[in-house]
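Spelled out, the chains give:
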Amino acid sequence: MSTLQIEGLRVAVGGHEILRGVDLELASGEVHALMGPNGSGKSTLAHALMGRSDYEIRGGHLRLDGEELLGLPTWQRAERGLFLAMQYPVEVPGVRAIDLLGVALRGRAASADAHGNGLDARLAAEAERLHVDAQFLARGVNVEFSGGEKKRAETLQLAVLEPKFAVLDEIDSGLDVDALRDVSRRIEAMTDENRLGVLAITHYARLLTELRPDRVHVLLGGRIVQSGGPELADTLERVGYEGLAAELGVEDLAVEAEAESDPFADPTLESNPFT
Ligand SMILES: Nc1ncnc2c1ncn2[C@@H]1O[C@H](COP(=O)(O)OP(=O)(O)OP(=O)(O)O)[C@@H](O)[C@H]1O
Ligand SMILES: [Mg+2]
């Protein structure tokens, strides 16, 4: 059993603090959904976990089985078993998916023996399972793939690489209904067969009907403001984030965020001495 612990994570992008203390813990085989309005920092969290170099980590921890990952380059995080399916997968002209996966697997010593030789067969089997045309694997990674094809291809990479934990940033966006079913069922199967732990970022409860979450978290104002069971996703669909904020008694999280990030505010003062 493995655990991924995010503790008090604070991240700034372009000098602006987007994540202001995120706590989340994930164990092998679990599915956690992360929801939140546009611009709330979900993708920022995904990129920060994977070690994007232009993101400034201002505090907190990211531990995989107790080992601190903050400070490690992306490839070492991947080597230890972390995977990110990006919201907007990058096109890599001239690098074939099959070569990329071969190199990635060889980079992981433990997996190399198991899969080093049978990579072609494994890829073919996964391609069939995910209904990905095998000819895509011989093209540059994601080059001229449609939006949905990119998401299927990311899922195929995930299935072949067998990480311990996968962060899936809107893996459901752009997928047609059949593709959504194929992709979510494949991931659900990995949580059983490989005990994959999943952090699924999504806007839609629909994904979560196939990929059943153990926990649902809501990111607002740079923090997780509520966590609950799968029913929380349905509640959100019904009341929206404004409704949730009202329910929580938070009048305006954006205003609160601004006030707290006031560069002239003195954090050592409990109250304003002038009032
Ligand atoms: N380089 C940057 N400089 C300043 N602000 C940035 C930069 N990159 C991202 N941001 C801001 O960070 C905030 C969080 O963006 P992020 O992409 O994490 O949101 P999100 O929750 O994934 O939204 P969505 O649901 O639309 O995908 C946004 O307000 C965005 O404009
Ligand atoms: Mg995003």
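Residues numbered from 1 in each chain as written. Chains lettered and ligands numbered in written order. Predicted model: local features only at pLDDT ≥ 70, side-chain atom pairs only at ≥ 80, totals over all residues.

Caption draft 1: Quick look at the overall build of the chain. Each helix and strand counted, the chain has ten helices and twelve strands in total. In the chain, which comprises 275 residues, the share counted as buried stands at 36%. A separation of at least 24 residues holds for 68% of the contacts in the chain among residues at least 6 apart in sequence. (Helix = DSSP H or I, 4+ residues; strand = E, 2+ residues; numbered from the N terminus. Buried ≥ 20, exposed ≤ 12 C-beta atoms within 10 Å, placed from the backbone. Contact = placed C-beta atoms within 7 Å.)

Caption draft 2: Examining the nonpolar core more closely. Of all hydrophobic cores here, the largest spans 66 residues; its most connected members are Ala 33, Ala 166, Leu 168, Val 198, Ala 200 and Ala 233. The residues touching Ala 33, leaving out its near neighbours within four places in the chain, are Ala 200, Thr 202, Leu 208, Pro 213, Val 216, His 217 and Ala 233. (Core = buried A, V, L, I, M, F, W, Y, C linked by C-beta atoms within 7 Å.)

Caption draft 3: A look at the pairing of strand β9 (residues 165-169). With five of five residues buried, β9 is to be regarded as a mostly interior element. On β9, burial covers both faces: Phe 165, Val 167 and Asp 169 on one face and Ala 166 and Leu 168 on the other are all buried. Here four bridges tie strand β6 (residues 82-85) to β9, and the two strands are oriented parallel to one another. Residue pairing across strands places Ala 85 opposite Leu 168, the latter belonging to β9. In this structure, β9 lies alongside strand β10 (residues 197-201), joined through five bridges in parallel fashion. In the sheet register, Leu 168 faces β10, and the bridge partner there is Ala 200. (Pairing = 2+ DSSP bridges.)

Caption draft 4: Geometry of the site of ligand 1. Around ligand 1 sit 13 residues in total, of which Gly 14, Asn 38, Lys 42, Ser 43 and Thr 44 are the nearest. Elements supplying a minimum of two residues to the shell around ligand 1: β2 (16-27) and α1 (42-50). In terms of residue count, the dominant contributor to the shell around ligand 1 is α1 (three residues). Among the residues forming the shell around ligand 1, the class breakdown is two nonpolar, ten polar and one charged. (Near = placed C-beta within 6 Å. Nonpolar A, V, L, I, M, F, W, Y, C, P; charged D, E, K, R; others polar.)

Caption draft 5: Looking closely at the sheet that holds strand β12 (residues 223-228). Sheet architecture is open: six strands sit in the order β6-β9-β10-β3-β11-β12, paired in mixed fashion. Each edge of the sheet is formed by a strand with only one pairing partner; in this case those strands are β6 and β12. In this sheet, adjacent strand axes meet at a mean angle of 20° when their direction is disregarded. Across the face of the sheet, α1 comes into contact with β3 (31-35), β6, β9, β10 and β11 (215-220) while running at roughly 145° to β9. (Axes fitted to C-alpha atoms, helices over the stretch in contact; angles between N-to-C directions.)

Caption draft 6: Focus on unusual backbone geometry. Of note, the phi angle at Glu 170 is positive, near 50°, even though the residue is not glycine. Even without glycine at this site, Arg 195 takes up a positive phi of about 55°. With respect to the secondary-structure elements, Arg 195 resides in the loop between α7 (177-193) and β10. Overall, the presence of 14 C-beta atoms within 10 Å leaves Arg 195 in the partly exposed class.

Caption draft 7: Region of interest: helix α9 (residues 231-247). With 17 residues, α9 extends only 15 Å from end C-alpha to end C-alpha; this falls clearly short of the ideal 24 Å at 1.5 Å per step. At Gly 240, α9 shows its largest kink, close to 100°. Listed in full, the buried residues belonging to α9 are Leu 232, Ala 233, Leu 236, Leu 244 and Ala 245. Positive phi appears at Gly 249, one or two residues downstream of α9, with a value of about 80°. (Expected span 1.5 Å × (residues − 1). Bend = angle between axes of the 7 residues up to and from the residue.)

Caption draft 8: Structural context of the sheet that holds strand β4 (residues 56-64). If you trace the four strands from one edge of the open sheet to the other, you get β2-β1-β4-β5, paired in antiparallel fashion. Looking along the sheet, the strands with just one partner apiece sit at the ends: β2 and β5 (67-68). The strands that α1 touches are β1 (3-13), β2 and β4; relative to β2, the one it contacts most, it runs at about 70°.

Caption draft 9: Region of interest: the environment of Asn 194. Inspection of the secondary structure puts Asn 194 in the loop between α7 and β10. The spatial distance from the C-alpha of Asn 194 to the C-alpha of Ala 159 is 9.5 Å, given a sequence separation of 35 residues.

Caption draft 10: The packing of helix α5 (residues 119-129) against helix α6 (residues 147-161), seen in detail. Between α5 and α6, the least distance of the axes is 10 Å, while the angle of their chain directions is 135°. Considered as vectors, α5 and α6 are oriented oblique to each other. By crossing handedness, the relation of α5 to α6 is classed as right-handed. Facing α5, whose interface residues are Arg 122, Leu 123, Glu 126 and Ala 127, α6 presents Leu 156, Ala 159 and Val 160. Counted by class, the contact of α5 with α6 contains five nonpolar, no polar and two charged residues. (Parallel < 35°, antiparallel > 145°, perpendicular 65-115°, else oblique. Left-handed = near helix turned anticlockwise from the far one by under 90°.)

Caption draft 11: Expanded view of the confidence of the model for the chain. Mean pLDDT over the chain stands at 87; residues scoring 70 or higher make up 87%. Note that residues 254-275 has pLDDT below 50 and, in this model, five contacts with residues that lie over four places away or in other chains. (pLDDT = per-residue confidence, 0-100.)

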